Amino acid sequence: MQFGIFSVGDVTVDPTTGRAPSEHERIKAMLAIALKAEEVGLDVFATGEHHNPPFVPSSPTTMLGYIAARTENLILSTSTTLITTNDPVKIAEDFAMLQHVADGRMDVMMGRGNTGPVYPWFGKDIRDGIDLAIENYALLRRLWDEDVVTWEGKFRTPLQSFTSTPRPLDGVAPFVWHGSIRSPEIAEQAAYYGDGFFHNNIFWPADHTKQMVNLYRRRFAHYGHGTPEEAVVGLGGQVFMRRNSQDAVREFRPYFDNAPVYGHGPSLEEFTRDTPLTVGSPQQVIERTLSFRDYVGDYQRQLFLMDHAGLPLKTVLEQLDILGEEVVPVLRKEFAGLKPATVPDAPTHAGRVAAKTAAPEGSSR
């Protein structure tokens, strides 16, 4: 089981001080948070991709390349790479390059994002969102899997005998997660290719998450990639912790109440009841996270959103200390004890290279 954090890179006013960080301060904070994640023993740092205020991570591979040079063990990922509005040729090149820079310590999560205006900014139509995701990803897979590609589609100019460079490290393409909150078509796409499915269940009740993950598992088996239990699943979550749960609620409430993403709606109590948001003690976070297995089954990756809603860097770093020292070690032990031998481990580059070497010739997975 891999544990880590993901960031959306929002620049948000701290409601307790009335001050928002500058873009420079926020970018530097994200880098500090990534380095702290490695220091406290987390497995993954993932960044979103946004091209509009109030967000800063418009160039994820630039940020992840820097973090790769400053870390030794951390797996670097995106929490969204916009497969709809990015050119699949550029995605193929950028992330293969990151593979080499990071010595394989990376993967990528494809998504459509949640910002409608981004489509015309990049010459696309939001009404084509699903079709763009399907066509662009089909091309991306070919660019990584085939040395020479001739291709023609609907949404970009044709390719004639094109080779994407650099080629994937060790002849193994980056592992791909398909991230979705609400689109069954994306769960289907992940299942078709035998890729991972990441359900960022931060805003949704358990029943919805269960339905999406179960759909992916059934279709993964349908396409012949293995049993439903062998499908590769990741989950998102949100936590805020203090030693005393009342202190956590009191400190986090103003951030929750004013957050652009969920403020001014359901109360903090309603949100923590109905979604995976957990505000309380480390033990409460452990118990809540372990309960996710009850409705999605055994899964491979758990990422937490922690640096959002205007929380100051000092507070986020304190949260990471608690996560790394008190929460994740217990979760590792508990999840490992519950996981059947038939459930695959979380994907890594080294593991996938070994599997490719051991696979019979002509095997696709």
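Read on for a plain summary of the structure.

Definitions and limits used
Per chain, the residues get numbers from 1 upward, laid out in the order the sequence is written. Only residues with pLDDT of at least 70 get local features here, since the model is predicted, and only at 80 or more are side-chain atom pairs given and counted; chain-wide, interface and lining totals rely on the full set of residues. Water and hydrogen atoms were dropped before computing side-chain values, which therefore reflect all heavy atoms in the structure. Working definition: with a 1.4 Å probe on protein chains only, accessible area under 20% of the residue-type maximum means buried, over 50% means exposed, and in between means partly exposed. Labels follow the DSSP assignment, with helices taken as runs of H or I lasting at least four residues and strands as runs of E lasting at least two, numbered in each case from the N terminus. Contact criterion: two residues are considered in contact whenever any of their non-hydrogen atoms come within 4.5 Å of each other. Aromatic contacts are taken between Phe, Tyr and Trp rings whose centres are within 6.5 Å, Trp giving its six-membered ring; a plane angle under 30 degrees counts as stacked, one over 60 as edge-to-face, and the others as tilted. Expected helix span is given by 1.5 Å per residue-to-residue step, counting one fewer step than there are residues. In this scheme, the bend at a residue equals the angle between the axes fitted to the seven residues that finish there and the seven that begin there. Fitted lines through C-alpha atoms serve as axes, helices being fitted only where they are in contact, and the angles separating the N-to-C directions of these axes extend from 0 to 180 degrees. Note on terminology: angles under 35 degrees are roughly parallel, angles over 145 are roughly antiparallel, angles of 65 to 115 are roughly perpendicular, and the others are oblique. Rotating anticlockwise by less than a right angle from the far helix to the near helix defines a left-handed crossing, while the corresponding clockwise rotation defines a right-handed one. For this classification, the nonpolar set comprises Ala, Val, Leu, Ile, Met, Phe, Trp, Tyr, Cys and Pro, the charged set comprises Asp, Glu, Lys and Arg, and every other residue, Gly included, is treated as polar.

## Points about helix H6 (residues 184–193)
Now for step 1: Among the residues of H6, those classed as buried are Ile186, Ala187, Gln189, Ala190 and Ala191.
Now for step 2: On its buried face, H6 is in contact with helix H5 (129–145), strand S8 (176–180), strand S9 (196–199) and helix H7 (206–222).
Now for step 3: One or two residues past the end of H6 sits Gly194, with phi positive at roughly 75 degrees.

## Side note on the packing of aromatic side chains
Now for step 1: Scanning the model with the defined rule gives 12 aromatic pairs in all.
Now for step 2: Considering the side-chain rings of Phe3 and Phe335, the 6.2 Å spacing of their centres and the 45 degrees angle between planes classify their relative orientation as tilted. With a gap of 332 residues between them, Phe3 in strand S1 (residues 2–7) and Phe335 in helix H11 (residues 313–338) connect regions that are remote in the sequence.
Now for step 3: A residue is classified by how much of its surface remains accessible, and Phe3, at 0% relative accessible area, is buried.
Now for step 4: A relative accessible area of 5% places Phe335 in the buried class.
Now for step 5: Taking 4.9 Å as the distance between ring centres and 90 degrees as the angle between the ring planes, the aromatic pair formed by Tyr137 and Tyr193 counts as edge-to-face. Placement of the pair is Tyr137 in helix H5 and Tyr193 in helix H6, with a sequence separation of 56 residues.

## Topic: H11
Now for step 1: The end-to-end C-alpha distance of H11 is 35 Å, a good match for the 38 Å that 26 residues give at a rise of 1.5 Å each.
Now for step 2: The principal kink in H11, of about 40 degrees, is found at Val327, preceding the proline Pro329 by one to four residues.
Now for step 3: Looking at H11, one finds that the buried residues are Thr315, Val316, Gln319, Leu320, Ile322, Leu323, Gly324, Val327, Val328, Leu331 and Phe335.
Now for step 4: In this fold, the buried residues of H11 make contact with S1, helix H1 (23–39), strand S10 (233–241), helix H8 (245–258), helix H10 (282–296) and strand S12 (301–305).

## Concerning the packing of H1 against helix H2 (residues 60–70)
Now for step 1: The geometry of H1 relative to H2 is characterised by a closest axis approach of 10 Å and an angle of 40 degrees between their N-to-C directions. It follows that H1 is oblique to H2 by the angle criterion. When you trace H1 past H2, the crossing you get is right-handed. Taking contact as the criterion, the partners of Ile27, Met30, Leu31, Ala34 and Leu35 in H1 are, on H2, Met63, Tyr66, Ile67 and Arg70.
Now for step 2: In the contact of H1 with H2, the residues fall into 8 nonpolar, no polar and 1 charged.

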